[in-house]
2 protein chains.
Amino acid sequence: MSQVNVGLCGLGTVGTGVVKLLQNHAEEIKHKVGSEINIKKILVHDIDKKRDVSIDREWLTNDPEELVNNPEVDIIIEVMGGIEDTNVLLEKAISNKKHIVTANKDLMAVHGQKLLRLAKENQCDILYDASVAGGIPIIRSLTEGLASDRIQKIMGIVNGTTNYILTKMTDDELAFEPVLKEAQELGFAEADPTSDVDGLDAARKMTLLANLAFKMEIGLDDVEVSGIRTISQEDITFATSLGYTIKLIGIASIHNGKAEVTVEPTLLPKDHPLALVKNEFNAVYVYGEAVGETMFYGPGAGSMPTATAVVSDLMDVVKNTRLGITGNEYVTPQYEKQLKENDEKYMQYFIRMEVDDTAGTFQKITNVFTDENVSFAKILQLPSDKEKMAEIVMVTHKISKQQLLNSRENLKDLDVVNRIISYYRVDGED
Amino acid sequence: MSQVNVGLCGLGTVGTGVVKLLQNHAEEIKHKVGSEINIKKILVHDIDKKRDVSIDREWLTNDPEELVNNPEVDIIIEVMGGIEDTNVLLEKAISNKKHIVTANKDLMAVHGQKLLRLAKENQCDILYDASVAGGIPIIRSLTEGLASDRIQKIMGIVNGTTNYILTKMTDDELAFEPVLKEAQELGFAEADPTSDVDGLDAARKMTLLANLAFKMEIGLDDVEVSGIRTISQEDITFATSLGYTIKLIGIASIHNGKAEVTVEPTLLPKDHPLALVKNEFNAVYVYGEAVGETMFYGPGAGSMPTATAVVSDLMDVVKNTRLGITGNEYVTPQYEKQLKENDEKYMQYFIRMEVDDTAGTFQKITNVFTDENVSFAKILQLPSDKEKMAEIVMVTHKISKQQLLNSRENLKDLDVVNRIISYYRVDGED
């Protein structure tokens, strides 16, 4: 029986899970891949730290060279995070003909295409299914299971922290701040929650999915991102009363060869499959021309789910090595990048505003929209808490983003409109 | 650019979809696999029949030998159905070193292990992801994405016809027969609906999934099957009022190395991910030791979804051929088949009975259960339509099947129990 040696970079939550899985499932894994997988070296900051897993002290090192320059190491598992330094490390490892398995979406979103090309040149594998939606084999499904189809749209709840927060805000009618605090205490949110709550984490994952689905090089800068900090309990109440659930949704779509990738709070019909995904769970909804709608649901993070994805990728690398077919992940992008302009981005919008509660107000507002050819699916007017004010919520039919922006500008100029309180994308009704 | 020639057996709904997909997506497919895929021959009954797809008349034949003995054909796509004759045909094709892609779960459930072994001997691929839950890449997910995990339980809605019927019965409060008739008119049910409504179709698919998940050879005879004919509107009403949805669920579970595979109407908590899967959609819920809960959702049948799975498998075969690694699907079962006995099958049950509406009835009934050590999660008693009768519905805590069977026998002997109207498995609460 052949042997494969692994160098593990990082022994945090995921790294510990990987070690446990390799130890506890050693027999099954050997049976499936026909090789024994050994841990050779583990890169850690602090060699003396107490660990929640049984390891050989000999494995531990804080010198990365002992992994990436070690002729005995065949495969590097990178679960330590970080972007630039990690990139340098992995480039060196690949140049030394080591295969890579990584859970690092930050790195892959920024340097992925370059690393994949370098890996191909060196006939090395670089697999990263763990980097998007941990326990959900979504990258594999896009590249293999749905390979014969043309993907037209991907909608994803790909950040567990924000989904947890929005679920609590909706179900328990709580405000953002106290829920964030609770999430931090429970370990569902980081001490610095910026990259989660402002949508950057989701944007990175959507970049990776869009690249695979549309076969064009879409970068992080091409993604329009807004987070969930500004969502108020009133927004949620209005959305609910109109039959919607607010989720932070990453949307990648393509039409006539032009792509659009966004991450933003989005209202979904309350029986949409994604609206039903609660708490820290992730789900990716894929619309393919032939297959129609499919959805993949599961844990988006966590030690063991992410470790499962890492080890499944590792097993693939081992199989590919035995078969002599490594280095086949990178597929030259088939299409030149083309992005939709604002007048090509069609969607529905929810617009909520505070207006004068006087005769003629509604007419002035509808005139603005009529001038821009915008019509409505739903309208709701309620008295405001403020004297002589009312709140109006309107859900448009599908309009272009340009129509929305024009209408917004013109609404701001109206004396009867005190302020536009919020506006959100509405999706999932087509 | 290399060329690959395909022989297509069957040009019905799925076969037509395959031809359309190969024609419409020819460029993308070529880009992904690096080979051109040509249709060489199509096996049909009636050469002169009008077809809903553009084909070359030269392709059509009604002689299977022109496919399985044709040295120009590299890969056979089998989408014609049938078991014994089809098996003979595919055995011949494999002996002639042709790779197989099939959507035929009936065939695979009966002869799959034998065909997979034969294919391995001949270094041929035989891929069948289209055979279970058409548009959902579930076989791929089990064998690859979740490969590093230990699968403990699979729960599947793997038959679209019965899910459509149960959805209509639940949402529109209709009886089984008229809904079946409507489903037949809409094309969601066959003229002879037996294999769907009696659970056989689902059982075949669960056999394939159980084999893969538990790495033991579980046959169709090992599956306990019951269908949906006996589900009444009253059962649905009671289930709903207790917070459950009735679905036809295939369940494969393993505990201490012993497996159990069943297909039966099952009550799920109404917010369980599977309870929310409506109409003809399919979904497979997988519980893995490490990954926890994941779910795969999508169309279970239909021309284009199934064709997508077939062509994705076909693309894999082409890639494997180019890489010289065909014949690797069959993995020797790692474990001897061991099945749970009745006293090892633990689950909750819903029991509905008609009883005398007299003092002491309830006590006699609870005595029977107490003697068997059965306790209850929920109890509901309502007046019956019949005079001096009442209906009692009880949902047990987890008990063994043996405890259920013993209790049922003893209840039948009670003079106050007029009849046991129905009983169903309850699952998804753990």
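Residues numbered from 1 in each chain as written. Chains lettered and ligands numbered in written order. Predicted model: local features only at pLDDT ≥ 70, side-chain atom pairs only at ≥ 80, totals over all residues.

## Focus on the overall build of chain A
(1) Moving on: Looking only at helices and strands, chain A features 14 helices and 17 strands.
(2) Moving on: Viewed in the frame of its principal axes, chain A has a C-alpha envelope of about 85 × 45 × 35 Å.
(3) Moving on: Looking at the 430 residues of chain A, the share that counts as buried comes to 50%.
(4) Moving on: The contacts of chain A with a sequence gap of at least 6 include a subset with a gap of at least 24, amounting to 76%. (Helix = DSSP H or I, 4+ residues; strand = E, 2+ residues; numbered from the N terminus. Buried ≥ 20, exposed ≤ 12 C-beta atoms within 10 Å, placed from the backbone. Contact = placed C-beta atoms within 7 Å.)

## What about the pairing of strand β15 (residues 389-396) of chain B?
Each regular strand displays side chains that alternate between the two surfaces of the sheet.
Residue and element names in this part refer to chain B.
(1) Moving on: Strand direction decides the pairing type here: strand β13 (residues 346-356) and β15, joined by seven bridges, are antiparallel. The partner of methionine 353 across the bridge, within β15, is isoleucine 392.
(2) Moving on: In this structure, strand β14 (residues 376-383) lies alongside β15, joined through seven bridges in antiparallel fashion. Of the residues in β15, the one forming a bridge with proline 383 is alanine 390. (Pairing = 2+ DSSP bridges.)

## Observations concerning the interface of chain B and chain A
(1) Moving on: Listed by partner, the interface residues are 44 residues for chain B and 44 residues for chain A.
(2) Moving on: Those elements giving two or more residues to the side of chain B that touches chain A turn out to be α2 (26-33), α6 (138-145), β12 (292-299) and α12 (303-323) of chain B.

## Considerations on the sheet that holds strand β3 (residues 60-61) of chain A
Residue and element names in this part refer to chain A.
(1) Moving on: Judged by pairing direction, the sheet is parallel, and its six strands sit side by side in the order β3-β2-β1-β4-β5-β6 without closing on themselves. Each end of this open sheet is capped by a strand with a single partner; those strands are β3 and β6 (126-127).
(2) Moving on: Here strand β4 (residues 75-78) runs beside strand β5 (residues 99-102); their pairing, made up of four bridges, is parallel. Bridging from a neighbouring strand, glutamate 78 pairs with threonine 102 of β5.
(3) Moving on: Contacts from helix α1 (residues 13-24) reach β1 (2-9), β2 (35-43) and β4 within the one sheet, and its direction differs from that of β2 by about 150°. (Axes fitted to C-alpha atoms, helices over the stretch in contact; angles between N-to-C directions.)

## What about the domain arrangement of chain A?
All names here are of chain A.
(1) Moving on: What the domain assignment reports for chain A is domain 1 (2-133 + 303-323), domain 2 (138-299) and domain 3 (342-426).
(2) Moving on: Measuring from the centre of the C-alpha atoms in domain 1 to the corresponding centre in domain 2 gives 28 Å.
(3) Moving on: Facing the 13 residues of domain 1 at the interface are 15 residues of domain 2.
(4) Moving on: Ranked by residue count, the leading element in the side of domain 1 that touches domain 2 is helix α5 (residues 105-121), at seven residues.
(5) Moving on: The residue makeup of the side of domain 1 that touches domain 2, split by class, is seven nonpolar, three polar and three charged. (Domains from an automatic or database assignment. Nonpolar A, V, L, I, M, F, W, Y, C, P; charged D, E, K, R; others polar.)

## Quick look at the confidence of the model for chain A
Residue and element names in this part refer to chain A.
(1) Moving on: In the predicted model, chain A carries a mean pLDDT of 93, and 100% of its residues have values of at least 70.
(2) Moving on: For chain A, the element scoring lowest by mean pLDDT is helix α2 (residues 26-33), at 85; β4 scores highest, at 98.
(3) Moving on: Note on the complex model: pTM 0.89, ipTM 0.84. (pLDDT = per-residue confidence, 0-100.)

## Things to note about unusual backbone geometry
(1) Moving on: Even without a glycine there, the phi angle at Ala133(A) is positive, about 50°.
(2) Moving on: Its place among the elements puts Ala133(A) in the loop between β6 and α6 (138-145).
(3) Moving on: Ala133(A) gets classed as buried once you count the C-beta atoms within 10 Å, which come to 32.
(4) Moving on: Positive phi is not limited to glycine here, since Gln123(B) has a value of about 55°.
(5) Moving on: Tracing the backbone through its elements, the reader meets Gln123(B) in the loop between α5 (105-121) and β6 (126-127).
(6) Moving on: C-beta crowding within 10 Å serves as the criterion here: with 14 such atoms nearby, Gln123(B) is assigned to the partly exposed category.

## What about the relation of the copies chain B and chain A?
(1) Moving on: The transformation that overlays chain B on chain A combines an axial shift of 0.0 Å with a rotation of 180°, and the residual RMSD is 0.0 Å. Taken together, the rotation and translation describe the operation of a two-fold axis. Considering only C-alpha atoms, the part of chain B nearest the rotation axis is Phe296(B), at 2.4 Å. (Least-squares fit on C-alpha atoms with pLDDT ≥ 70 in both.)

## A few points about the pairing of strand β9 (residues 244-255) of chain A
Residues and elements named next belong to chain A.
(1) Moving on: For β9, the buried fraction is high: eleven of the twelve residues fall into the buried class.
(2) Moving on: Looking at chain direction, β9 and strand β10 (residues 258-269) are connected through twelve bridges and run antiparallel. Bridged to leucine 248 within β10 is proline 265.
(3) Moving on: Linkage of β9 to β10, two consecutive antiparallel strands, is achieved through a turn of two residues, within which asparagine 256 is found at a positive phi near 50°.

## Details of the packing of α6(B) against helix α10 (residues 200-214) of chain B
Residues and elements named next belong to chain B.
(1) Moving on: Two elements in contact, α6 and α10, have axes separated by 10 Å at closest approach and are oriented at 10°. In terms of orientation, α6 and α10 fall into the roughly parallel class. Across from Ile139, Leu142 and Thr143 in α6, the residues of α10 making contact are Leu209, Leu212 and Ala213.
(2) Moving on: Per-class residue counts for the contact of α6 with α10 are five nonpolar, one polar and no charged. (Parallel < 35°, antiparallel > 145°, perpendicular 65-115°, else oblique.)

## What to know about the sheet that holds strand β5 (residues 99-102) of chain B
All names here are of chain B.
(1) Moving on: The strand order across the open sheet formed by six strands is β3-β2-β1-β4-β5-β6, and the pairing between neighbours is parallel. A strand with exactly one partner marks an edge of an open sheet, and here the two such strands are β3 (60-61) and β6.
(2) Moving on: Here strand β1 (residues 2-9) pairs with strand β4 (residues 75-78) via four bridges, running parallel. In the sheet register, glycine 7 faces β4, and the bridge partner there is isoleucine 76.
(3) Moving on: On top of the sheet, α12 reaches β1, β2 (35-43), β4, β5 and β6; it is set at about 165° to β5, its chief contact.

## Quick look at the nonpolar core
(1) Moving on: Residues Val310(A) and Val310(B) are the most contacted members of the largest nonpolar core, which totals 258 residues.
(2) Moving on: Other than its neighbours up to four places away in sequence, Val310(B) contacts Val14(B), Val18(B), Ile77(B), Val79(B), Val101(B), Ala103(B) and Ala130(B). (Core = buried A, V, L, I, M, F, W, Y, C linked by C-beta atoms within 7 Å.)

## Here's the deal with α10(B)
Count 3.6 residues to each turn of an α-helix, and residues three or four apart come out pointing the same way.
Residue and element names in this part refer to chain B.
(1) Moving on: Over its 15 residues, α10 runs 21 Å from end to end, which matches the ideal 21 Å to within 8%, given 1.5 Å per residue.
(2) Moving on: Burial of α10 is extensive: 13 of the 15 residues sit out of reach of the surface.
(3) Moving on: One or two residues past the end of α10 sits lysine 215, with phi positive at roughly 55°. (Expected span 1.5 Å × (residues − 1).)

## Thoughts on the environment of Asp222(B)
Residues and elements named next belong to chain B.
(1) Moving on: Tracing the backbone through its elements, the reader meets aspartate 222 in the loop between α10 and β8 (223-225).
(2) Moving on: C-beta crowding within 10 Å serves as the criterion here: with 17 such atoms nearby, aspartate 222 is assigned to the partly exposed category.
(3) Moving on: Taking the C-alpha atoms as reference points, aspartate 222 and valine 261, 39 residues apart in sequence, are found 7.0 Å from one another.
(4) Moving on: Beyond its immediate sequence surroundings of up to four residues, aspartate 222 is in contact with Val261 and Leu339.

## Remarks on the environment of Glu329(B)
Residue and element names in this part refer to chain B.
(1) Moving on: Residue placement: glutamate 329 occurs in the loop between α12 and β13.
(2) Moving on: Distance from glutamate 329 to threonine 245, taken between C-alpha atoms, is 37 Å for residues 84 residues apart in sequence.
(3) Moving on: When neighbours within four sequence positions are excluded, glutamate 329 is seen to be in contact with Leu116, Ala119, Asp125, Ile126 and Leu127.

## Topic: the packing of helix α7 (residues 160-171) of chain A against helix α8 (residues 176-186) of chain A
Residues and elements named next belong to chain A.
(1) Moving on: It is the contact of α7 with α8, at a shortest axis distance of 9 Å, that shows an interaxial angle of 130°. Judged on the interaxial angle alone, α8 and α7 are oblique. Judged by the twist between their axes, the crossing of α7 over α8 is right-handed. Seen from α7, the contacting residues are Thr161, Tyr164, Ile165, Lys168 and Met169; seen from α8, they are Phe176, Val179, Leu180 and Ala183.
(2) Moving on: Class assignment of the residues belonging to the contact of α7 with α8 gives a composition of seven nonpolar, one polar and one charged. (Left-handed = near helix turned anticlockwise from the far one by under 90°.)

## Quick notes on the environment of Ser148(A)
(1) Moving on: Locating Ser148(A) in the fold gives a position in the loop between α6 and β7 (151-157).
(2) Moving on: Along the primary structure Ser148(A) and Arg322(A) are separated by 174 residues, whereas in three dimensions their C-alpha atoms are 27 Å apart.
(3) Moving on: Not counting the four nearest positions on each side in its chain, Ser148(A) is found in contact with Leu21(B), His25(B), Ile29(B), Thr308(B), Val311(B), Ser312(B) and Met315(B).

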